[in-house]
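Breakdown of the fold
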Amino acid sequence: MNGDKIEALIEKLHSNESFLSLEISPNLSSMLDYDMLDKIKDINEVDCFVCTDSPLARFKPSSILSSLKFQNALNKPVICTISMRDRNSIALCGDILAINEFGLRAFLTLTGDSIKNGDCIKSKGVFENNSLKLGYIIDELNYGKAINGKLLKNGVKEIYNFQVINSYSNNLDSIKSRICKKLSNSKVEALFTQPVYSLQAAEFLLSSINYANREYNTKSKLILGFFPVFSYKTALFLRDKLPGVYIPNEWIEKLEKAHNKGKDEEQKIGLDISHTLFNELKSLHNKFHFMSANKPFLVKEFI
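Just so it is clear, the structure is predicted and the values come from calculations on it, not from any experiment. (Residues numbered from 1 in each chain as written. Predicted model: local features only at pLDDT ≥ 70, side-chain atom pairs only at ≥ 80, totals over all residues. Heavy atoms only, no water.)

Considerations on the nonpolar core
Counted only if it meets this: Among the buried residues, those of types Ala, Val, Leu, Ile, Met, Phe, Trp, Tyr and Cys that are joined through side-chain atoms within 4.5 Å form a nonpolar core. Partly exposed describes any residue whose relative accessible area lies between the buried limit of under 20% and the exposed limit of over 50%, with all areas from a 1.4 Å probe on protein chains only and scaled to the type maximum. Throughout, a residue-residue contact means that at least one pair of heavy atoms, one from each residue, lies within 4.5 Å.
Core analysis: the largest hydrophobic core is formed by 55 residues, its most contacted members being Phe70, Tyr197 and Val229. Excluding its chain neighbours within four sequence positions, the residues that come into contact with Phe70 are Ile24, Pro26, Leu32, Met36, Leu37, Cys51, Asn75 and Val78. Listed in part, the 19 residues of the second largest apolar core include Ile82, Met84, Phe107 and Ile137.

Written as structure tokens, this is what we have:
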């Protein structure tokens, strides 16, 4: 893919224009799902895609190679998710460096979900460090240095680092502190948030990143995570199983009542309350990351 498209993406992200990314996840297969690709190609409003890296520690094909496949097939930039969970810093630095020549240059860097929550219970997590180490690795590569401190024979085309932040905590100051730590540690183009389910949470996140940018003279953007909820079961999962996310009790109650009336009513109520929230968030901010559990057609319901 033409590298100019990646630079154009970063330029748009840092402008006042609206920005939309879409989460995609490789299937448990040696090949891409071309039916899904055909549907995604029709969503012209999407600026880029974010390829997951075995979320919840559930096995998926390599996020790096899958991202390269997606980027070539879609001819749009893909942000590749990578975590410290499965590889040490030698392997991660080597992968990021080698794939640079093929045009994969944007990474969403994570610590990674615990192995005990996944479906590979005989595996062992690496967790040499956390996502801050990945930010350091990317900075060093951009400076022309490998993880061992040696100079690269040929420098990299600029690599862009994105990171994640929780959207909720019982102690909100811990989120603000975490944002400051991430932005002061390495160059971060933007922070993707976990799904946001209230206007107040979005306002707090925006004020926190604005504070951190002033404090550390940085220019990171905030990309609000949005995940529409269409079922009572999904709402319970988000409330009980996904750390760093808060879904209001009002949503739980409405979806439970609708669930008891039938699937159609449940989906209708879920769509209504998700729409209302998205419209409220759009009045506040214009940069979003859409998550749809590999149902890309849902984007058209909101955009």
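From this point, the discussion proceeds with the structure in view.
Brief notes about the pattern of salt bridges
So the rule is basically this: The working definition used for a salt bridge is a side-chain nitrogen of Lys or Arg within 4 Å of a carboxyl oxygen of Asp or Glu. Starting at the N terminus, helices and strands are each numbered in turn, a helix being any DSSP run of H or I of at least four residues and a strand any DSSP run of E of at least two.
Taken as a whole and assessed by the stated rule, the structure comprises 12 salt bridges. The salt bridge partner of Asp47 is Lys12, with a shortest N-O separation of 2.7 Å. Of this pair, Asp47 sits in the loop between α2 (34-41) and β2 (48-51) while Lys12 is found in helix α1 (residues 3-13), placing the two residues 35 residues apart along the sequence. Asp47 sits in the buried class, given a relative accessible area of 16%.

Some points on the packing of aromatic side chains
Inclusion rule: For this analysis, a ring pair means two rings from Phe, Tyr or Trp (six-membered ring only for Trp) whose centres lie within 6.5 Å, classed as stacked if their planes differ by under 30 degrees, edge-to-face if by over 60, and tilted for the remaining angles.
One pass over the structure, following the stated rule, counts nine aromatic pairs. Considering the side-chain rings of Tyr197 and Trp251, the 5.2 Å spacing of their centres and the 75° angle between planes classify their relative orientation as edge-to-face. Taken together, the residues span a long stretch of sequence, with Tyr197 in the loop between β6 (190-195) and α7 (199-216) and Trp251 in helix α9 (residues 249-261) at a distance of 54 residues. Trp251 shares its class with Tyr197; the two are buried. The interplanar angle of 55° and the centroid separation of 5.7 Å between the aromatic rings of Phe290 and Phe302 together place this pair among those described as tilted. Residue Phe290 is found in strand β8 (residues 287-290), and its partner Phe302 is found in helix α11 (residues 299-302); the two are separated by 12 residues along the sequence. The class of Phe290 is buried, set by a relative accessible area of 1%.

Concerning the pairing of β8
Which entries qualify depends on this criterion: Pairs of strands are assigned from DSSP output, requiring at least two bridges between the strands.
Neither face of β8 is exposed, since Lys287 and His289 on one face and Phe288 and Phe290 on the opposite face are all buried. With four bridges joining them, strand β1 (residues 19-24) and β8 adopt parallel strand pairing. Among the inter-strand pairings, Leu22 is bridged to a residue of β8, identified as Phe290. Across three bridges, the pairing between strand β7 (residues 221-226) and β8 is parallel. Directly across from Gly225, in β8, lies its bridge partner His289.

Looking at the sheet that holds strand β5 (residues 160-165)
Heads up, the rule is: Structural elements are reduced to axes, namely lines fitted to C-alpha atoms, with helices fitted over the stretch in contact, and the angle between N-to-C directions of any two is expressed from 0 to 180 degrees.
Pairing is parallel in the closed barrel, where eight strands are placed in the order β1-β2-β3-β4-β5-β6-β7-β8. Neighbour-to-neighbour, the strand axes of the sheet open up by a mean angle of 30°, direction not taken into account. One ladder, built from four bridges, connects strand β4 (residues 106-110) with β5; its direction is parallel. Within β5, the residue paired with Ala106 across the bridge is Tyr160. Running at roughly 170° to β7, helix α10 (residues 263-284) makes contact with β7 and β8 of the sheet.

Some points on the pairing of β7
Applied cut-off: Handedness of a crossover is defined as follows: with both strands directed away from the viewer, a clockwise route from the first strand across the helix to the second makes it right-handed.
Within β7, five of the six residues are buried, which leaves the element mostly enclosed by the surrounding structure. Note that β6 and β7 share four bridges and pair parallel. In the sheet register, Ala190 faces β7, and the bridge partner there is Lys221. Crossover handedness for the path β6 to α7 to β7: right-handed.

Digging into the packing of helix α4 (residues 89-99) against helix α5 (residues 131-142)
Selection criterion: Every angle not falling under 35 degrees, over 145, or within 65 to 115 is termed oblique; those three ranges are roughly parallel, roughly antiparallel and roughly perpendicular. The crossing is said to be left-handed when, going from far helix to near helix, the turn is anticlockwise and less than a right angle, and right-handed when the turn is clockwise. Lys, Arg, Asp and Glu make up the charged group, whereas Ala, Val, Leu, Ile, Met, Phe, Trp, Tyr, Cys and Pro make up the nonpolar group; the residues left over, Gly among them, are polar.
It is at 10 Å that the axes of α4 and α5 come closest, and there the two elements cross at 45°. As the angle between them shows, α4 and α5 are arranged oblique. Considering the relative orientation of α4 and α5, their crossing is right-handed. Counting all contacts with α4, which are made through Ser89, Leu92, Cys93, Ile96 and Leu97, the residues of α5 involved are Lys133, Leu134, Ile137, Ile138 and Leu141. Each residue belonging to the contact of α4 with α5 can be placed in one class, and the counts come to eight nonpolar, one polar and one charged.

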